[in-house]
Amino acid sequence: MRAVRIHAIDRERGPEQFRVDTVDEPAPAPGEILVKIARAAFNRRDVFISQGLYPGIQLPCVPGSDGVGTVAAHGEGAQGPAVGTRVVIDPTLGWGESERIWRRDSQVLGMPHQGTMAEYLAVPAGNVVPAPASLSDDEAAAMPLGGVTAYRALVTRGGCTKDDVVLLPGIGSGVQTFALLFAKRIGAKVIVTSSSDEKLARAKALGADVGINYKTSEKWEKEVSAIDGGPSLIVDCVGGDTFAKALNAARYGARAVTYGGTTGDAKIRPFSVFWKQLDVLGSSMGSPNDFRAMLAMWDGSIRPIVDSVFPMDDIVAAAKKVDSGEQFGKVVVAVG
């Protein structure tokens, strides 16, 4: 079969390390299902691996945590969707019994386990779920990892309700875009920030109530804090100075959920946390129950945002698009 693989890492030219190889087609082990992949999608994680910015890298690897396709075969004893069923793949392997935290030996598809950027993928049967009928293959491929990460951060950990004012810094990334869609479906008011007026305009077209350009606003956090008394829920992936300022902008008793730190460590002002009695929560990926609850959000009223679709042979261009951070929504790879 054809598969995208990363053979080496390069901090400066990571996206150029992606290439298409011919490798052996996997066979489903007992309890596994073999999926014929139609579409896969990028996450920042895939590019970080190529740049050596991810722990425990094992090469060569087939990247990709997001995928949609059809069931091709069942391994011995596997219970799940019938052969020919259109399915999506839950990218978290071995979450464990606790809903509160995942096991320390849990993995995410795409390294070291083979990822979705290949014509076939064998995974545990419990990770294979019928795809939402309302979504196209491109949309369904865009949704798994970003969708479940956003759902867990916003709903499971953040407890978002229709009465919340939600702050989403750094709108435009796949996960933050999903968080915007989910928050608006729940009925919350949403404030987004970005350095791009174009991304702010697109976010407002998707339902964002307020958009603030943090580069042109002299004190964006004060602008945020003046909106309805400040956010009652913050969902952040930016980290650094942005997360610290977001905490300063929060209203008394707010919740702040962090699931990433793309700009590095935050120097948090403890006074902002203890004086306003904030709840600061961590979140990462999502449990099988989170994944199924997230799938139920796609009832036709909202749709994943697909920035662009690249053929597999243009994988380097696709990786460079993700690395640039210029996309709005997800970058999808046409596999089959």
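Each value, and the rule that gives it
Residues numbered from 1 in each chain as written. Predicted model: local features only at pLDDT ≥ 70, side-chain atom pairs only at ≥ 80, totals over all residues. Heavy atoms only, no water. Pairing = 2+ DSSP bridges. Helix = DSSP H or I, 4+ residues; strand = E, 2+ residues; numbered from the N terminus. Contact = heavy atoms within 4.5 Å. Polar contact = N/O pair within 3.5 Å; in protein donor to acceptor, adjacent residues only side chain to side chain. Axes fitted to C-alpha atoms, helices over the stretch in contact; angles between N-to-C directions. Parallel < 35°, antiparallel > 145°, perpendicular 65-115°, else oblique. Left-handed = near helix turned anticlockwise from the far one by under 90°. Nonpolar A, V, L, I, M, F, W, Y, C, P; charged D, E, K, R; others polar.

Draft legend 1. Representation of the pairing of strand 4 (residues 66-74) in the model. Bridge count between strand 3 (residues 32-41) and strand 4: 8 bridges; the pairing is antiparallel. Within strand 4, the residue paired with valine 35 across the bridge is valine 71. Where strand 4 meets strand 5 (residues 86-89), 3 bridges bridge the pair, whose relative direction is antiparallel. Counterpart to valine 68 in the pairing with strand 5 is valine 88.

Draft legend 2. Spatial organisation of the environment of lysine 330. If you trace the backbone, lysine 330 turns up in strand 17 (residues 330-334). Put simply, lysine 330 and serine 308 are 22 residues apart on the chain and 7.1 Å apart in space, counted from C-alpha to C-alpha. The residues contacting lysine 330, other than those within four sequence positions of it, are Ala41, Phe42, Asn43, Asp66, Ala142, Gly174, Phe178, Ile305, Val306, Asp307 and Ser308. Polar side-chain contacts of lysine 330 include one of 2.6 Å to the side chain of asparagine 43. Within the structure, the side chain of lysine 330 is placed 3.1 Å from the side chain of aspartate 66, a separation counted as a polar contact.

Draft legend 3. Representation of the packing of helix 3 (residues 144-157) against helix 4 (residues 174-186) within the structure. Running from amino to carboxyl end, helix 3 crosses helix 4 at an angle of 50°, the nearest separation of the two axes being 8 Å. Between helix 3 and helix 4, the angle is such that the two are oblique. Between helix 3 and helix 4 lies a crossing of right-handed hand. Of the residues in helix 4, those touching helix 3 at Gly146, Gly147, Thr149, Ala150, Tyr151, Leu154 and Val155 are Val175, Phe178, Ala179, Phe182, Ala183 and Ile186. In terms of residue class, the contact of helix 3 with helix 4 is built from 10 nonpolar, 3 polar and no charged.

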